[in-house]
Every structure is written in structure tokens, then in C-alpha cells.
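Observations on the model geometry
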Amino acid sequence: MMETKTQTLQAVSSISEMKEISQSFRKQNLTIGLVPTMGCLHEGHLNLVKRSLETCDRTVVSIFVNPTQFGPDEDLDTYPRQLQSDIEKLEGVDILFHPSNEEMYPTDYKTYVQVQDITEHLCGKSRPDLFKGVSTVVLKLFNIVRPHNAYFGEKDWQQLAVIEALVEDLNLDVVLNRVPIVREPDGLAMSSRNQYLSQQERQTALSLSRSLKEARDNIRQGTTSAKVISDLIRQGLSGKEGVEIDYISICDPKTFRGKEQVCGRTLIALAVKVGPSRLIDNCIIEEI
Ligand code: AMP
């Protein structure tokens, strides 16, 4: 007989307890959906949660600011943490898994997984620790929660590709679900790091989505040279106070290799520092 769904969120911080709960769900033939996050939840995260709630019998949201994916000069210490208000947003969710650093990475921790090749481009180039940390923590979460389904946002397009490779190459038994980017009404891609922005920087940050839109419009009107498009985007981003472009990439959405011409399915991806925040955004140009 199916267990009836309880309405209250259960917060779990121990790996062994989380494993027991997942085992009990599986014994009851209940499907488990996992939404991995670093917290400071916004509508982008909550859309992933909604997809899991619609599809799975039980939904687990993890909140863990994963130290292994931050480089030494990055924002691990200042990354926004607001567990209490996150909890209030998790309506309908069954389990919040929020382990400590010591629980996930005890002092004698030594194992990392690394996806090769596609991690050498874009964010992997400027943040060399990022994807090793991401694939390690995601594999750990999959082993602990044993989800049937896991939900990831296309805002982190390259991260999704890395996790797809991890699942395929290591024969993991989980279905990955891609969820489109959720934006603010003015176009800014939602991100926990938007919290760092002053009002002025928030205005400046709009140039990411705007320049992507302009690029898309230009491609629609017939421009195919990646250099021309890339220069246009650079123009749209440059000359503003506090802006530092990390990369503008016009590339294959699976291999992340740069393209000279926008032909076939193409990813346009940006990483730009605006004041204290490193922001990313992207759009897909379908076959033209
Ligand atoms: P994070 O907490 O930033 O690690 O993100 C957790 C998950 O939420 C990842 O799968 C992200 O891709 C996804 N996510 C974050 N922001 C957005 C957004 N604006 N739209 C869609 N998914 C998002």
C-alpha cells in the first residue's frame, strides 16, 4: 500500500539518515526527485522543484554550498546563506537535505571525479576547480539520495553537459531533466549571486541578457559570422563601470568548441563580472 504524503518538510543533515529515508521510499515503490542547490532559493530553483513535485512521488531538495567547487579566490565565504527563509519556500517538498561540510568531506576525504574535455572550455577555463567539485558533489548526492529523477537548470548549460557526461559515462541510474532559464521580468537571469549587486550594478547586469537578445536578433536578420556577433556582444557589455568580461563564447552546445560561423545549433554563452558578482547567461540558437 502507498504511504500517504505528509505535508511537513523534514530537514535531514546526516548522510545515513538520508540514505535510510531514500531506501524506505524505494521499498514503497515511490519515485524520488532530487533538486540539488546551493540555497538562497529563487524562482529559478523553485521551478525545478515544481517540475519534481509534478512528476515524482517524493521530492528531495539539497542545500549545500559545496566548498570543492570554489577556487581559492572565489566567493565561498561570502556566498549568501539563508536556510530559514529557504525552508519557508519549500512548500510541498518532502525532504530538505542540508549536510555540513564535515559530513560531506570528512578530514580524510580523498576521492574526486573529473569529466574531461568539455570541462576545458568556458567556465572550466577560468574556474579550474569548478567542474571537478560539481561532478564530485553531484555523484555523492546521487549515491546518497538515489533519485529516479534529478532536475538541473539550463542557466548552467555547461554544468548540465558535465552532469550528463557523468551519468552516461559512469552508467548512473538517474534520469536528468533540463529546465529552461527563469528570468526577472526585465530579462536578468535569476541567480543567488544577484544579491551581491547594488542598484546600479543590477542595471548594468541587464546588459548580459540584452546583448544576447541583440545577438539573436542579428542572427535572425542574417548575420552568421561569430566574430561579428561576438564583437557586437562585447560592445553591448563594455564601457560600463565595474564590468569585466570573462568570456563570450559562440560554440557547439555539446562540445563547447568555438564556431566561426553560426550554423547548426549554436550556444552563445557569457560570463561577466559585474562589481562583485560573476554572472553567467546563455541562449541557444536553433538550427538556421
Ligand atoms: P545553484 O544553487 O546556483 O547551484 O543552482 C541550483 C540549480 O538551480 C542548478 O541546476 C541551476 O542551473 C538552477 N538554476 C539557478 N538559477 C536558475 C535560473 N535562473 N533558471 C533556471 N535554473 C536555475
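Below is a short write-up of the structure.

Definitions and limits used
- Residues numbered from 1 in each chain as written.
- Predicted model: local features only at pLDDT ≥ 70, side-chain atom pairs only at ≥ 80, totals over all residues.
- Heavy atoms only, no water.
- Helix = DSSP H or I, 4+ residues; strand = E, 2+ residues; numbered from the N terminus.
- Buried < 20%, exposed > 50% of the residue type's maximum accessible area, 1.4 Å probe, protein only.
- Core = buried A, V, L, I, M, F, W, Y, C linked by side-chain atoms within 4.5 Å.
- Domains from an automatic or database assignment.
- Contact = heavy atoms within 4.5 Å.
- Near = heavy atom within 4 Å.
- Polar contact = N/O pair within 3.5 Å; in protein donor to acceptor, adjacent residues only side chain to side chain.
- Areas by Shrake-Rupley, 256 points an atom, 1.4 Å probe, with all protein chains shown as cover.
- Nonpolar A, V, L, I, M, F, W, Y, C, P; charged D, E, K, R; others polar.

A word on the side chain of Asn177
Mapped onto the elements of the fold, Asn177 is located in strand E6 (residues 175–179). We classify Asn177 as buried; its relative accessible area is 17%.

Regarding the nonpolar core
Burial of nonpolar side chains together is a common tendency in soluble globular proteins. Ranked by size, the top nonpolar core spans 49 residues in total, and within it Met18 and Phe142 carry the most contacts. The element best represented in this core is helix H6 (residues 130–145), accounting for 10 residues. Both domains that meet at this core, namely domain 1 (10–179) and domain 2 (192–282), each give it at least three residues. The residues contacting Met18, other than those within four sequence positions of it, are Val12, Val60, Ile95, Phe97, Ile144 and Val145. Leu197, Leu206, Val272 and Val274 belong to the second-largest nonpolar core, a separate cluster that totals 22 residues.

Some points on the site of the ligand
With respect to spatial proximity, 17 residues lie near the ligand, and among them Met38, His45, Asp156, Val182 and Met190 are the closest. Gly153 is positioned with one of its backbone polar atoms (N or O) 2.9 Å from an oxygen atom of the ligand. Val182 is positioned such that a nitrogen or oxygen atom in its backbone is 2.8 Å from a nitrogen atom of the ligand. Relative to its unbound accessible area of 480 Å², the ligand is 92% covered by the protein chains. Sorting the residues of the shell around the ligand by element identifies strand E2 (32–37), helix H2 (43–55) and strand E5 (149–153) as the ones contributing at least two each. In terms of residue count, the dominant contributor to the shell around the ligand is H2 (3 residues). Of the residues assigned to the shell around the ligand, the class counts are 9 nonpolar, 6 polar and 2 charged.

These figures come from the coordinates and say nothing about function on their own.
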